[in-house]
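# A look at the structure
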Amino acid sequence: MTTMLGQNQYGKAENRVVRVTRDGGTHHVKDLNVSVALSGDMDDVHLSGSNANVLPTDTTKNTVFAFAKEYGIDSAEAFGIHLARHFVTSQQPIHRARIRIEEYAWERIPVTDQDRAGHSFVRRGQETRTAEVSYDGEHWQVVSGLAGLVVLNSTDSEFHGFVKDAYTTLQETRDRILATEVNARWRFAWTGGAGQEPPRWEESYTAVRGDLLGAFAETYSLSLQQSLFAMGSRVIDGSAAAGAIDEVRLSLPNKHHFLADLAPFGLKNDNEVYLAADRPYGLIEGTVLRDGAEALIPVTD
Ligand SMILES: O=c1[nH]c(=O)c2[nH]c(=O)[nH]c2[nH]1
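Treat the numbers as computed from the prediction; the structure is a model and nothing was measured. The residue count restarts for each chain, going from 1 along the sequence in the order it is written. This being a predicted model, a pLDDT of at least 70 is required before a residue's local features are given, and a value of 80 or more before pairs of side-chain atoms are given or counted; all residues contribute to the totals for chains, interfaces and linings. Values shown for side chains rest on all heavy atoms present in the structure; no hydrogens or waters enter the calculation.

### Observations concerning the pattern of salt bridges
It is possible for side chains of opposite charge to pair when their charged atoms get near one another. The term salt bridge refers to a pairing of a side-chain nitrogen on Lys or Arg with a carboxyl oxygen on Asp or Glu at a separation within 4 Å. Evaluation of the coordinates by the stated rule reveals 18 salt bridges. In this structure, the salt-bridge partner of Arg129 is Glu77, at a minimum N-O distance of 2.8 Å. Placement of Arg129 in strand β6 (residues 128-135) and of Glu77 in helix α3 (residues 76-90) is noted, with a sequence separation of 52 residues between them. By relative accessible area, which is 1% here, Glu77 ends up buried. Working definition: helices are DSSP H or I runs of at least four residues, strands are E runs of at least two. Numbering for both runs from the N terminus. Each residue gets one of three labels from its accessible area relative to the maximum for its type: buried under 20%, exposed over 50%, partly exposed in between, using a 1.4 Å probe on protein chains only.

Written as structure tokens, this is what we have:
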């Protein structure tokens, strides 16, 4: 043999499950995209073709839908915990489960006819919520997140004092638009140990989203890097109530807004007209940690 099997995992990816909960005429909708990845004693299926240890990916799909009925979906994180626990504890060869979830938010459409109220929704076109739950039979790791939350400050942003070499053309600025799409993941301190209370997942999502937005808006920014650190720090400092967070990973594309050149038309551009550039974009990424915490969120994904 000149080869050996390395890391492997399997499961059904992107199970699109929508759960409607009826409270009389008032309905609640949870809309998830759930990906299951299982690993354990899976040498034989790769090396000899024996499927004796293989719970079919089709079964993992069915479990997602059956659990949506049986347990409901209180939060993406709680649903991921049900699934991960089930796969690891019910199948001896499965040692580890990782459940990744994206959640799409729906808002109620206001309706004046009360007979028609409570069951119409419009997809919230903003961010996607994410959750990743991992369980090895002993420890839990929950990394929650959001992607695609676009924000803009129309002032209170400067960028100057940077390195200049033979290829530098960027002008220093004391007033610019700062815009980005917030992609954030945050890891909870909770590992399921004795006496540890699980975080309040729904509340903590709302709180973290508020902290990210608040810090972006309230930081007088000398660089997107400085804003990144302020945003991550506020999440960690503000996270005590709904569940302590030890680590925040942020990926912030700098959505550049360049001052439009109006001089050819004899017009002065007093920081009023910008060209919103699509690409290329600066990509500012970083991890913010609670003092002494370990960095466990993978840097590349
Ligand atoms: O906030 C910024 N950080 C940078 O590192 C950078 N580089 C650049 O060209 N513009 C900006 N803006």
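The discussion continues.
### Some thoughts on the site of the ligand
The local shell around the ligand consists of Phe159, Leu170, Arg176, Ser223, Leu224, Gln225 and Asn254. Polar contact criterion, stated in full: a pair of N or O atoms within 3.5 Å, where within protein one must be able to donate a hydrogen and the other to accept it, and residues adjacent in sequence count only if both atoms are side-chain atoms. Between the ligand and Leu224 there is a distance of 2.7 Å, counted from an oxygen atom to a backbone nitrogen or oxygen. Summarising the interface, the protein chains cover 71% of the accessible area of the ligand, which totals 290 Å² for the free molecule. Broken down by class, the residue content of the shell around the ligand amounts to 3 nonpolar, 3 polar and 1 charged. Note on terminology: near, applied to a residue and a molecule or strand, indicates that one of the residue's heavy atoms is within 4 Å of it. Under the convention used here, a 1.4 Å probe and the Shrake-Rupley method define accessible areas, while residue burial counts only the protein chains that appear. Amino acids are sorted into nonpolar (Ala, Val, Leu, Ile, Met, Phe, Trp, Tyr, Cys and Pro), charged (Asp, Glu, Lys and Arg) and polar (every other residue, Gly among them).

### Focus on the packing of aromatic side chains
Pairing of aromatic side chains requires ring centres within 6.5 Å, counting the rings of Phe and Tyr and the six-membered ring of Trp. Pairs whose planes differ by under 30 degrees are stacked, by over 60 edge-to-face, and all others tilted. Going through the model one piece at a time under the given rule, you end up with 7 aromatic pairs. On the basis of an interplanar angle of 35 degrees and a centroid distance of 6.0 Å, the ring pair of Trp186 and Tyr205 is categorised as tilted. Here Trp186, found in strand β8 (residues 178-188), pairs with Tyr205, found in helix α4 (residues 201-218); they are 19 residues apart in sequence, far enough to count as distant. Overall, Trp186 belongs to the buried group, its relative accessible area being 1%. Looking at Tyr205, the relative accessible area reads 8%, which means it is buried.

### Here's the deal with the domain arrangement of the protein
When the domains of the protein are assigned, the result is domain 1 (6-138) and domain 2 (146-301). Residues are treated as being in contact if the distance between any of their heavy atoms lies within 4.5 Å. In this assembly, 15 residues from domain 1 lie in contact with 11 residues from domain 2. Around 1000 Å² of area is buried between domain 1 and domain 2 when both sides are counted, 47% of it from carbon and sulfur atoms. At the surface where domain 1 touches domain 2, the tally comes to 3 salt bridges. Measuring nitrogen to oxygen at the nearest pair gives 2.9 Å for the salt bridge that ties Arg129 to Glu202. At the surface where domain 1 touches domain 2, the tally comes to 6 residue pairs in polar contact (both at pLDDT 80 or more). Broken down by secondary-structure element, the contributors of at least two residues to the side of domain 1 that touches domain 2 are α3 and β6. The biggest single contributor to the side of domain 1 that touches domain 2 is α3, with 4 residues. Note that the domain bounds were set by an automatic or database domain assignment. Buried area is calculated as the accessible area (1.4 Å probe) missing from two parts once they are joined, with the contributions of both summed.

### Here we look at the packing of α4 against helix α5 (residues 224-237)
Running from amino to carboxyl end, α4 crosses α5 at an angle of 140 degrees, the nearest separation of the two axes being 8 Å. Crossing angle aside, the handedness with which α4 passes α5 is right-handed. Facing Val208, Asp211, Leu212, Gly214, Ala215, Phe216 and Glu218 of α4, the residues of α5 in contact are Ala230, Met231, Arg234 and Val235. Partitioning the contact of α4 with α5 into residue classes produces 7 nonpolar, 1 polar and 3 charged. Orientation is described by lines fitted to C-alpha atoms, with helices fitted over the stretch in contact, and by angles between N-to-C directions that extend from 0 to 180 degrees. Each crossing is labelled by how the near helix is turned from the far one, with a counterclockwise turn of less than a right angle marking it left-handed and a clockwise turn marking it right-handed.

### As for helix α2 (residues 57-71)
The α-helix winds at 3.6 residues per turn, so residues separated by three or four positions along the chain end up facing the same way. If you check α2, its first and last C-alpha atoms are 21 Å apart, about what 15 residues at 1.5 Å a residue would give, namely 21 Å. If you check which residues of α2 are buried, you get Thr60, Thr63, Val64, Phe67 and Ala68. Phi turns positive one or two residues past the end of α2, at Gly72, with a value near 70 degrees. Take the residue count of a helix, subtract one, and multiply by 1.5 Å to get its expected span.

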